[in-house]
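Understanding the architecture of this molecule
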Amino acid sequence: MWQKISNVKMSPQEKTGFFSNLKYDLPASIVVFLVAVPLCLGIALASGAPLFSGIIAGIVGGLIVALISGSAMGVSGPAAGLAVIVLSAIQDLGAFETFLLAVVISGVFQLILGLLKAGVIGYYFPSSVIKGMLSGIGIIIILKQIPHAFGYDKDPEGDFSFFQVDGHNTLSQLGYMLNDISPGAIAISAVSMVILIMWERPFMKKLSFTRIIQGPLVVVTIGILANMFFADNPILTLRADQVVSIPVADTLGGFFNQFTFPDFTQLGNTQVYVIAITLAVVASLETLLCVEATDKLDPQKRVTPTNRELVAQGAGNIFSGLIGGLPVTQVIVRSSANIQSGAKSKASAFFHGILLLLTAMAIPTVLNMIPLASLAAILFIVGYKLAKPSLFKQMYHMGNSQFIPFIVTILGIVFTDLLIGIGLGLAVGIIHILWSNYKNPYQLDFENRKEGEPIKIRLAENMSFLNKASVLQTLNRLPDDNHVVIDATYTKSMHVDILEIIDDFKVNAASRDITVELLGMKNTEAEDHVDSYGRVEIEHPEDTDNQESQLQSNTEHKKETVHG
C-alpha cells in the first residue's frame with residue numbers, strides 16, 4: 001500500500017523542490033518585485049532612513065530570509081508597522097549607523113526567541129481577528145492608493161497608518177487629492193485597471209500567453225511607455241514625485257558605496273539595547289501575525305513552522321543591519337500579492353530578491369520611469385481580493401462572536417495602525433470569551449422541570465473564579481423547600497472559590513428547607529479551603545464503590561485533582 005502511494009505522480013501544485021514550479025514562481029516573483037520596489041522606498045522615506053536602506057531590506061528579505069524560512073508563500077522585507085519606531089529610534093540615537101547596531105542586536109534577540117520556541121504565540125490569535133487584519137489591510141491599501149491613482153503623491157508609498165507622516169490622515173488625504181489631480185496619472189491608472197480586470201476574466205485565462213505574462217507586468221510596461229509618450233505634453237506629463245525614485249549610482253563602486261555599516265563603538269550604549277528589544281518584540285509579533293494570515297490565504301493550506309520563521313527573521317535582521325538595511329519582517333501586502341499571482345513555493349520570494357538586487361545595480365533608470373499610478377492599479381486589485389464583500393457576508397452569518405471582533409479589527413487598523421487594530425480585535429474576542437464563560441457555567445432547565453422532580457444544576461467542565469457571580473446569584477434565587485442536585489460529574493477543574501460558594505449554600509440551605517445533593521464531589525464542609533487551595537478533589541460517583549480497594553492497591557484510581 002505504501003509503495004503505491006509513494007509512486008503516485010505529483011501535480012505541479014504538489015511538487016516541493018525549489019525549482020519544481022518555476023513556471024509559476026518566476027512570473028509571480030516579477031509581480032512581487034514590482035509591488036516591493038515602491039513599498040521599500042516609501043517605508044524608508046516614512047522611517048526617516050536613507051532610501052537605499054529600504055531596497056537593502058527587501059533584498060535581504062528575499063535572498064536570506066526566504067532561504068531559511070519554512071514559509072511557502074511568505075515574503076519578507078521592510079515593514080510599514082515599524083516605520084514610526086524606526087523614525088523615533090534614529091532620532092533618539094542620533095545616527096543611522098548606531099540604529100543599524102540596534103537592528104543587528106534585535107536580530108540576535110529574535111534568534112533567541114526562535115530557539116526558545118516563542119513562535120507558538122502566533123497560534124493564540126483568533127481566526128476572526130486574522131481575517132479582520134487581512135480585510136483591514138485590504139481597505140487601507142485601497143484608500144492609500146486612491147491619491148496615487150489621481151496623481152497626488154505627497155504621502156509616500158508604504159505609509160499605512162491613519163495619521164500620516166505628511167501631517168494629514170487617510171481620509172483628509174482624499175480631500176487634498178481633489179485639488180491636485182493629474183490627467184496623465186488618471187489616464188494611466190484607468191487604462192491599467194481595465195487591463196488588470198480584463199486579465200482576470202475567464203476568457204483571457206484560457207489564452208496560453210496570459211499564464212506566462214502577468215497582467216501587472218503588462219500594466220507596468222504600458223505605464224513606462226505612456227510616461228515617455230506624455231513627456232512632451234504639458235498637460236499629461238508626470239512630475240518627478242509621480243514615478244518610482246530609486247537611488248541611481250553612476251558606477252558599480254558607487255552602488256556599493258550606498259551600503260552603510262553599524263557603529264560597533266556604541267555597544268556600551270544601553271539605549272541601543274532598549275530599542276533592539278523593542279524592534280525584536282514588535283517585528284516578531286508582526287511576523288507571526290502575517291504568518292498566520294498568509295497560511296490562511298495559501299490555497300494549499302500549508303502550515304509555516306513559526307519557531308523557524310523567527311530564526312529566519314533574526315538572521316535576516318542581523319544581515320540587514322550589518323550592511324545598512326532597515327529591519328525586516330514578513331509582510332502581508334507582498335505575501336498576498338505573491339499568492340494572488342499564482343506562486344507555488346518560496347522560490348518566488350527568493351527570485352523577487354534577486355530581481356531587486358539586479359535592477360538596483362543595473363537598471364535603476366528604467367525603474368525610475370514606472371508611474372506610481374500603474375502600481376496603484378496593481379495594489380487596488382490586491383486590496384480588493386483581501387477585502388472581498390463575500391468575506392464580510394460570510395463573517396456576518398457566523399454570528400456576533402466572529403463578526404464583532406472581525407469588524408473591530410478592521411476599524412482599528414483603518415483608523416489607527418496594524419498592531420493597535422489587532423490588539424482591539426483581540427481584546428473584544430477575549431471579552432466575548434469571558435462573557436460566555438460568565439453566562440454558561442452550568443446547565444439549568446428550571447422551567448421545564450416537572451412537579452416533584454429535583455432542581456438539577458449540571459456544572460460545566462471548567463469552573464473558574466469568573467463564574468462566581470453567576471453561580472452565587474443562581475443558588476440564592478432557588479425557591480425554598482426544594483430538592484437541589486448539584487452535578488459535577490463532568491467537571492474537571494473547579495476553582496476553590498466556587499467550592500466555597502457551594503459549601504456556604506449547603507449551610508444556608510438548612511434554614512430554607514432545601515435538600516442539597518452533590519454528585520461528583522465528596523463532602524467538603526470540614527475542609528479549610530485556604531489551606532487546601534490549589535488541591536480541591538473531585539470524586540466521581542462511579543468510583544466510590546471501589547475507592548478503598550483502589551487506594552490500598554494504589555493503582556489505576558480515577559480520583560481527579562482539580563487545581564484552583
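Just above sits the structure.
The paragraphs below set out a description of the structure included in this document. (Residues numbered from 1 in each chain as written. Predicted model: local features only at pLDDT ≥ 70, side-chain atom pairs only at ≥ 80, totals over all residues. Heavy atoms only, no water.)

**A few points about the overall build of the protein chain**
Put simply, the test is: Helix and strand definitions follow DSSP, with helices as H or I runs of at least four residues and strands as E runs of at least two, each counted in order from the N terminus. Each residue's exposure class comes from its accessible area (1.4 Å probe, protein chains only) as a fraction of the maximum for that residue type: buried when under 20%, exposed when over 50%, partly exposed otherwise.
The number of helices and strands found in the protein chain is 23 helices and ten strands. Looking at the protein chain as a whole, 49% of its 564 residues are labelled buried.

**Considerations on the environment of threonine 306**
As a reminder, the rule being used: What makes two residues a contact is simply this: any of their non-hydrogen atoms within 4.5 Å.
Within the fold, threonine 306 resides in helix α13 (residues 306-323). When its relative accessible area of 6% is taken as the criterion, threonine 306 is described as buried. Considering only alpha carbons, one finds threonine 306 and serine 69, 237 residues apart in sequence, at a separation of 9.0 Å. In this view, threonine 306 contacts Gly119, Val120, Tyr123, Leu288 and Val291; residues no more than four positions away in its chain are not counted.

**Observations concerning the side chain of serine 71**
Our working definition: Any N or O atom pair separated by 3.5 Å or less is treated as a polar contact, with the protein-specific requirement of one donor-capable and one acceptor-capable atom, and with residues adjacent in sequence counted only for side-chain atom pairs.
Assignment of secondary structure puts serine 71 in the loop between α3 (51-68) and β1 (76-78). Side-chain polar atoms of serine 71 contact the backbone nitrogen of glycine 74, separated by 2.9 Å. When neighbours within four sequence positions are excluded, serine 71 is seen to be in contact with Thr304, Glu309, Gln330 and Lys346.

**Let's talk about the nonpolar core**
Applicable threshold: Residues belong to a common nonpolar core when they are buried Ala, Val, Leu, Ile, Met, Phe, Trp, Tyr or Cys residues joined through side-chain atoms within 4.5 Å.
Of all hydrophobic cores here, the largest spans 100 residues; its most connected members are Phe99, Met133 and Val333. With eleven residues, the single largest contributor to this core is helix α2 (residues 22-46). Filtering out sequence-adjacent residues up to four positions away, methionine 133 remains in contact with Leu289, Cys290, Ala293, Ile332, Thr409, Ile413, Leu418 and Ile422. Counting residues in each nonpolar core, the second largest holds 20 residues, with Val471, Leu475, Ile486 and Ala488 among its members.

**Quick notes on the pattern of salt bridges**
Condition: What counts as a salt bridge is simple: a side-chain nitrogen of Lys or Arg found within 4 Å of a carboxyl oxygen of Asp or Glu.
Across all of its chains, the model carries eight salt bridges by this definition. When the shortest N-O distance is used, the salt bridge between aspartate 241 and arginine 239 registers 3.2 Å. We classify arginine 239 as partly exposed; its relative accessible area is 34%. A salt bridge links aspartate 497 to lysine 468, with the nearest nitrogen and oxygen atoms 3.4 Å apart.

**Concerning the packing of aromatic side chains**
So the rule is basically this: Pairs were defined over the aromatic rings of Phe, Tyr and Trp, the Trp ring being its six-membered one, requiring ring centres within 6.5 Å. Orientation was assigned from the angle between planes: stacked under 30 degrees, edge-to-face over 60, tilted for the rest. Placement of a positive charge over a ring is assigned whenever Lys NZ or Arg CZ falls within 6 Å of the ring centre and within 35 degrees of the normal to the ring plane.
What the rule picks out here adds up to 15 aromatic pairs. Ring geometry for phenylalanine 256 against phenylalanine 259: centres 6.0 Å apart, planes inclined by 25°, an arrangement best described as stacked. The exposure class assigned to phenylalanine 256 is partly exposed, which follows from its relative accessible area of 45%. Judged by its relative accessible area of 17%, phenylalanine 259 is buried. Among the aromatic residues, ring-to-ring pairing joins Phe52, Phe255, Phe256 and Phe259 into one connected group. The ring of tyrosine 24 has lysine 344 sitting right over it, with the charged end atom 5.1 Å from the ring centre.

**Brief notes about unusual backbone geometry**
When glycine is set aside, most residues are seen to have a negative phi, and most peptide bonds are trans. Here the phi dihedral of aspartate 481 falls at roughly 55°; this positive angle occurs in a residue that is not glycine. Phi at aspartate 513 takes a positive value of approximately 55°, unusual for a residue other than glycine. Taking the relative accessible area as the measure of exposure, aspartate 513 reaches 55% and is therefore exposed.

**As for α2**
For clarity, the threshold we go by: Take the residue count of a helix, subtract one, and multiply by 1.5 Å to get its expected span. Given a residue, its bend is the angle between the two axes fitted to the seven residues that end at it and to the seven that start from it.
For α2, which comprises 25 residues, the first-to-last C-alpha distance of 35 Å matches the rise-based estimate of 36 Å (1.5 Å per residue) to within 8%. Along α2, the sharpest change in direction is near 30° and occurs at alanine 36; proline proline 38 comes one to four residues later. Counting buried positions along α2 yields 19 of 25 residues, so the element is predominantly enclosed. Taken from the residues just after α2, glycine 48 is the one with a positive phi, measuring 70°.

**Here we look at a nonpolar patch on the surface**
Selection rule: Patches here: salt-bridge-free residues with over 30% relative accessible area, like charges joined within 9 Å, nonpolar side chains (Val, Leu, Ile, Met, Phe, Trp, Tyr) joined within 5 Å. Only the protein chains shown count as cover for residues, and the accessible areas themselves come from Shrake-Rupley with a 1.4 Å probe.
A surface patch of nonpolar side chains, amounting to about 540 Å² of accessible area, comprises Val120, Ile121, Tyr123, Tyr124 and Val303. Relative to the helices and strands, valine 120 resides in the loop between α5 (96-115) and α6 (127-149).

**Side note on the side chain of threonine 294**
Among the secondary structure elements, threonine 294 is positioned in helix α12 (residues 270-297). Residue threonine 294 is classed as buried on the basis of its relative accessible area, which comes to 1%. Ignoring anything within four residues of it in the chain, the contact list for threonine 294 reads Met73, Gly74, Gln330, Ile332, Ser335 and Ile339.

**With respect to the environment of isoleucine 130**
Relative to the helices and strands, isoleucine 130 resides in helix α6. For isoleucine 130, the contacting residues outside a window of four places in its chain are Phe125, Leu289, Glu292, Ala293 and Lys296.

**Section: the packing of helix α4 (residues 83-93) against α12**
In a packed pair of helices, the relevant descriptors are the angle between the two axes and the axis-to-axis distance. We count it as follows: To obtain an axis, a line is fitted to C-alpha atoms, over the contacting stretch when the element is a helix, and the angle between two such axes runs from 0 to 180 degrees between their N-to-C directions. Each angle receives one of four descriptions, namely roughly parallel if under 35 degrees, roughly antiparallel if over 145, roughly perpendicular if within 65 to 115, and oblique otherwise. Under the convention adopted here, Pro, Cys and the residues Ala, Val, Leu, Ile, Met, Phe, Trp and Tyr are nonpolar, Asp, Glu, Lys and Arg are charged, and Gly plus all remaining residues are polar.
Close contact between α4 and α12 brings their axes to 11 Å; oriented N to C, the two are set at 175°. Relative to α12, the element α4 is oriented roughly antiparallel. Contacts between α4 and α12 involve Ile85, Val86, Ala89, Asp92 and Leu93 from the former and Gln271, Val272, Ile275, Thr278, Leu279 and Val282 from the latter. Broken down by class, the residue content of the contact of α4 with α12 amounts to eight nonpolar, two polar and one charged.

**Concerning the packing of α3 against α13**
Worth spelling out the cut-off: A clockwise turn of the near helix away from the far one marks a right-handed crossing, whereas an anticlockwise turn of less than a right angle marks a left-handed crossing.
Put simply, α3 and α13 touch, their axes get as near as 9 Å, and they point 145° apart. For the crossing formed where α3 meets α13, the hand is right-handed. Across from Ile56, Ala57, Val60, Ile64, Val65, Leu67 and Ile68 in α3, the residues of α13 making contact are Arg308, Glu309, Ala312, Gln313, Ala315, Gly316, Phe319, Ser320 and Ile323.

Interpretation note: all reported values are geometric properties and have no functional meaning in isolation.
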